[in-house]
Structure formats: C-alpha cells, structure tokens
Amino acid sequence: MKKTQQGFTLIELMIVVAIIGILAAIAIPAYQDYTKRAKGSELLSIASGAKASVGEYIVTRGSMPTDQTEAGFEDQSTTIVDSMVWNGSAIVITGNATEVDGLVLELTPTINAAGAVEWDCAATAAQNLAPASCR
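Residues numbered from 1 in each chain as written. Predicted model: local features only at pLDDT ≥ 70, side-chain atom pairs only at ≥ 80, totals over all residues. Heavy atoms only, no water.

**Notes on the pattern of salt bridges**
Quick note on the threshold: Each reported salt bridge corresponds to a side-chain nitrogen of Lys or Arg within 4 Å of a carboxyl oxygen of Asp or Glu. Elements are defined by DSSP. Helices are runs of H or I of four residues or more, strands are runs of E of two residues or more, and each kind is numbered from the N terminus. Working definition: with a 1.4 Å probe on protein chains only, accessible area under 20% of the residue-type maximum means buried, over 50% means exposed, and in between means partly exposed.
Summed over the entire model, instances satisfying the criterion amount to 2 salt bridges. The salt bridge involving Asp101 is made with Lys36; its shortest N-O contact spans 2.8 Å. Of this pair, Asp101 sits in the loop between α4 (97-100) and β3 (104-111) while Lys36 sits in helix α1 (residues 10-46); the two residues are 65 residues apart in sequence, bridging distant segments of the chain. Of the residues examined, Asp101 reaches a relative accessible area of 40% and is grouped as partly exposed. Across the pair Lys39 and Glu99 runs a salt bridge whose closest N-O atoms are separated by 2.4 Å. Taken as a pair, Lys39 in helix α1 and Glu99 in helix α4 lie far apart in primary sequence, 60 residues in all.

**Details of the nonpolar core**
Our working rule: Residues belong to a common nonpolar core when they are buried Ala, Val, Leu, Ile, Met, Phe, Trp, Tyr or Cys residues joined through side-chain atoms within 4.5 Å. It only takes one pair of heavy atoms within 4.5 Å for two residues to be counted as in contact.
Among the nonpolar cores identified, the biggest contains 23 residues, and Phe73, Met84, Ile91, Ile93, Leu103 and Leu105 are the most heavily contacted of them. Breaking this core down by element, the ones donating at least two residues are α1, α2 (48-61), β1 (81-86), β2 (91-95), β3 and β4 (117-125). With residues near it in sequence (within four places) discarded, Ile93 still touches Leu43, Ala47, Val81, Ser83, Met84, Leu103, Val104, Leu105 and Leu107.

**Remarks on the sheet that holds β4**
Defined as follows: Strands are labelled as partners when DSSP assigns at least two bridges between them. Axis lines are fitted to C-alpha atoms, over the contacting stretch for helices. Their N-to-C directions set the angle, which ranges from 0 to 180 degrees.
The 4 strands are arranged β1-β2-β3-β4 in an open sheet whose pairing can be described as antiparallel. Looking at strand neighbours, the two that pair on one side only are β1 and β4, the edges of this open sheet. Looking at each pair of strands side by side, their axes are set apart by 15 degrees on average, direction ignored. Against the sheet, α1 makes contact with β1, β2, β3 and β4, and its axis sits at roughly 40 degrees relative to β3, the strand it touches most. Where α2 meets the sheet, its contacts fall on β1, β2, β3 and β4, and the angle it forms with β4 comes to roughly 135 degrees.

**Quick look at the UniProt feature "transmembrane region" (unreviewed entry) in the chain**
Convention followed: UniProt positions are given in the numbering used here, feature names are shortened, and annotations may be inferred rather than shown by experiment.
As recorded in UniProt, the sites labelled "transmembrane region" (unreviewed entry) are residues 7-31. Counted over residues 7-31, helix gives 88% and strand 0%. Its end C-alpha atoms are 34 Å apart.

**Overview of the pairing of β4**
With 8 bridges connecting them, β3 and β4 associate as antiparallel partners. Note on β4: the bridge partner recorded for Glu106 is Ala122. Hairpin geometry of β3 and β4 is characterised by an intervening segment of 5 residues between the two adjacent antiparallel strands and by a positive phi of about 90 degrees at Gly115.

**Topic: unusual backbone geometry**
Although it is not a glycine, Asp101 sits at a positive phi angle of roughly 55 degrees. Unlike most non-glycine residues, Ala126 shows phi in positive territory, near 50 degrees. Here Ala126 lies in the segment after β4. By relative accessible area, which is 21% here, Ala126 ends up partly exposed.

Structure (structure tokens):
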C-alpha cells in the first residue's frame, strides 16, 4: 500500500506568507489614510453648533459677529480639534497634528438672495484629508 502526501510543502507555505505580507504592506497604510480622512470629515460635524450660532446671529442682526463670544460659541478642543475660532469673517477649525495631520478648515458664511446663510468650506492645510465639500 502506498502512502499519499499529506499537508503542504515548505515552498507553498512560504508563498502564502509572502502574499499575506504584500497585502498587509498595501492595506495598512490605506486603512490609516482612510481613518484620518474620516476624522477630517468629523471636523465639520464638530463645527455644526458654531455654524448654527453664527448663522442665527447673521440672520437676526444682519451683520457678521465681531468675535466668537458675540457669535455665541466657545473655542472647542477635543482629541481631533486643537481649536475652533471665529476670525471675524469665518470659523477656522484647526485639527490635531497627530490625528488629522493639522488639517485646517475655514467655513465662511455668505447671505444668499433669499436672506439665508450659506457656508463655503476651504481647506488650507492637509488638503488630502479634507472632506470632498472642502477641497
């Protein structure tokens, strides 16, 4: 009676390990970039309260607030946000250097013909991590 081969050869196992290593070398940096971009998008949701305060001020008073206290919001710091301030014409959100590579978003309000406030978003640093609406 003849014995049949059982299991894998060493070369087959080495090929599988090499393939897994190549896939991991590609997937890990792509995943890290993906998570930073997701955190960059989160900056916009963190600023939603400030946008509402500034928008309400503009609609009720017909002018831009002079500072963020007058606008009705406070500087906010989280693990993702280093600062969120009103510079007299826009809300400037500075992201954390380690979490979102120092992404800076500038949200500028404008009043349209109907009297409603519209927001323009621009990224001034780390633009590759900015949400699509800010690029």
